[in-house]
Amino acid sequence: MRYTHRISSERDTMSDHVTDEGSKSNKGVGLKNARLSESSRRLLEPVSEIYHSGGLDVTAPFDTRWYHDHRPDAPELPTFDRTGALALRVGNTRRLWPHFLEALADEPHRLQSPDPLDNWIESRIRQALESVDVDHHVVWGHRPLRGNDFIPLQSVAEAAGLAHVSPSHLAIHPTYGPWLAFRAVVIFDRDGPGGESPEPEPRPCDCEGNCRDALDRALEGDDTDDEAWRRWVAVRDACPVGDDYRYSKDQIRYHYDKDRGFLAECVDQWQSMSQ
Ligand code: B12
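Each chain carries its own residue numbering, running from 1 in the written order of its sequence. Since the coordinates come from a predicted model, pLDDT governs what is reported: local features require at least 70, and pairs of side-chain atoms require 80 or more to be given and counted, while whole-chain, interface and lining totals use all residues.

1. Some words on the overall build of the protein
Now for step 1: In terms of regular secondary structure, the protein is built from 9 helices and 6 strands.
Now for step 2: Across the 275 residues that make up the protein, the buried fraction comes to 38%.
Now for step 3: Considering only intrachain contacts with a sequence separation of at least 6, the fraction spanning at least 24 residues in the protein is 78%. Going along the chain from the N terminus, every DSSP run of H or I of four or more residues is numbered as a helix, and every run of E of two or more is numbered as a strand. Backbone-placed C-beta atoms define the burial measure: a residue is buried with 20 or more other C-beta atoms within 10 Å of its own, exposed with 12 or fewer, and partly exposed in between. The contact criterion used is a C-beta to C-beta distance within 7 Å, with each C-beta placed from the backbone.

Following this line, the structure appears as structure tokens:
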């Protein structure tokens, strides 16, 4: 293991203190406020419910046209030849972590995968779609759509009124700040909700957070030194929004370091604490 500090002793449960009740906004994280036809709601509800209950808690529908209007320069989403297709964007906050550890405890073979997190997320997302009888495509955040072209999921979030991309190039949600990740988009062979994209929250980025300075420090630093990951975490920490939703120490460490040995230790610790 490259780093010497110990695994956090905190057991990262579903964090009772972190609920959306009373928070400034949990906009864009579910179906509740989405404009959807009854049939689209019936289609998306069970899938969305599985994602939310499994830690993919920033999941909500959108219309592919909103993204295409917002980023005409970027790669296009598949749309089944519709002007605007019904789509679900799938993402998460810190709530993903305990579900991930639990899954690895149940299915330790996933630890052998080159990227256990992407591997598990793909299987979760696919599993929930098994009972869906409407044609669909899944576009993964971590896989290019074709060639080297990724779909910019931050722009999908922006087009759907969920987040703003900040000067640090991170998407900032009004409640979660930069502490959220985007995993995939599922596009269905159905018309989308149409109309204008939802009005975004006011941009939280006219602040003194100096995330741009933190980004410059990270970019100037030597990426091979053992402290490089801390400079990248500092870019997220520079944002004054979403402090309560900061990932746990272990989650941060794994996301920035991707050390599977460390991940295995987290799983062992999680198992011993849940016995
Ligand atoms: C390729 C990629 C990277 C590459 C290169 C990023 C780049 N363009 O410079 C690398 C591997 C370096 C990278 C690193 C990180 N990434 Co990255 N990355 C992606 C990925 C898979 C595709 C980005 C892309 O090509 N988009 C397509 C083009 C067309 O989009 P674009 O809008 O024109 O450009 C966007 C990005 O490319 C980025 N970008 C463009 N130029 C620059 C320049 C700098 C200096 C930076 C930092 C970013 C950046 O910001 C643009 C939006 O404003 C996305 C997931 C996705 N599919 O969106 C994650 C994603 C953008 N990354 C993410 C994160 C968190 C990181 C890291 C901070 C942490 C980490 N552990 O991965 C580090 C940062 C450290 C670093 N050294 O940069 C998150 C952002 C979450 C958020 N809240 O916004 C995403 C969305 C993945 C996720 N699972 O959520 N990433």
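2. Let's talk about the sheet that holds strand β3 (residues 136–140)
Now for step 1: Pairing between two strands requires that DSSP report at least two bridges joining them. Read from one edge to the other, the open sheet built from 4 strands follows the order β1-β2-β6-β3, with strand pairing classed as antiparallel. The open sheet has two edge strands, β1 (60–63) and β3, and neither has a second partner. Across the sheet, the axes of successive neighbouring strands diverge by a mean angle of 25°, strand direction being ignored.
Now for step 2: Pairing analysis gives 5 bridges linking β3 to strand β6 (residues 181–191), with the strands arranged antiparallel. Residue pairing across strands places V139 opposite V185, the latter belonging to β6. Note on geometry: axes are lines fitted to C-alpha atoms, helical ones only across the stretch in contact, with angles between N-to-C directions running from 0 to 180 degrees.

3. As for the nonpolar core
Now for step 1: Of all hydrophobic cores here, the largest spans 62 residues; its most connected members are A87, F100, V156, A157, A160, V185 and V186.
Now for step 2: Among the elements that make up this core, the one with the highest residue count is β6 (7 residues).
Now for step 3: Sequence-distant contacts of V186, that is, excluding residues within four places in its chain, are made with A87, L88, V90, L129, H136 and V138. A set of buried Ala, Val, Leu, Ile, Met, Phe, Trp, Tyr and Cys residues, joined through C-beta atoms within 7 Å, is what we mean by a nonpolar core.

4. Here we look at the site of the ligand
Now for step 1: The criterion for a residue being near a molecule or strand is simple: its C-beta atom, placed using the backbone, must lie within 6 Å of it. Near the ligand you find 21 residues, and of these P152, L153, H169, A171 and A181 are the closest.
Now for step 2: Secondary structure elements with two or more residues in the shell around the ligand: α5 (153–159), β6 and α8 (249–257).
Now for step 3: Residue contributions to the shell around the ligand peak at 3 residues, all from α5.

5. Overview of the pairing of strand β2 (residues 85–92)
Now for step 1: A large share of β2 lies buried, amounting to 8 of its 8 residues.
Now for step 2: Burial along β2 is two-sided: the residues A85, A87, R89 and G91 and L86, L88, V90 and N92 are all buried.
Now for step 3: By the bridge criterion, 7 bridges tie β2 to β6 in an arrangement that is antiparallel. Residue R89 lies in a different strand from β6, and its bridge partner there is V185.

6. Regarding the confidence of the model for the protein
Now for step 1: Across the chain, each position has a pLDDT score giving the predictor's confidence in that residue, from 0 to 100. In this model, the protein carries an average pLDDT of 89, and 89% of its residues clear a pLDDT of 70 or more.
Now for step 2: This model gives residues 1–24 a pLDDT under 50, and the stretch forms 32 contacts once residues within four places in sequence are excluded.

7. Side note on the pairing of β1
Now for step 1: Across the two faces of β1 the burial is the same, with A60 and F62 and P61 and D63 all buried.
Now for step 2: Note that β1 and β2 share 4 bridges and pair antiparallel. Counted as the bridge partner of P61 is L88 from β2.

8. Overview of the packing of helix α6 (residues 211–220) against helix α7 (residues 228–237)
Now for step 1: Contact geometry for α6 and α7: axes closest at 8 Å, N-to-C directions at 170°. The orientation of α6 relative to α7 falls into the category roughly antiparallel. Contact with α6, carried on its side by C211, A214, L215, R217 and A218, involves R231, W232, A234 and V235 of α7 and no other residues of that element.
Now for step 2: Considering only residue class, the contact of α6 with α7 consists of 7 nonpolar, no polar and 2 charged. Oblique is the label for any angle not covered by the other classes, which are roughly parallel (under 35 degrees), roughly antiparallel (over 145) and roughly perpendicular (65 to 115). Residue polarity follows a fixed list, in which Ala, Val, Leu, Ile, Met, Phe, Trp, Tyr, Cys and Pro are nonpolar, Asp, Glu, Lys and Arg are charged, and the others, Gly among them, are polar.

9. Things to note about the packing of α7 against α8
Now for step 1: Contact geometry of α7 with α8 gives a least axis separation of 10 Å together with a crossing angle of 115°. The angle between α7 and α8 falls in the class roughly perpendicular. Taken as a pair, α7 and α8 cross one another with a handedness that is right-handed. Touching W229, W232 and V233 of α7 are I252, Y256 and D257, all from α8.
Now for step 2: Looking at the contact of α7 with α8, its residues break down into 5 nonpolar, no polar and 1 charged. The handedness criterion is simple: a crossing whose near helix is rotated anticlockwise from the far helix by less than a right angle is left-handed, and one whose near helix is rotated clockwise is right-handed.

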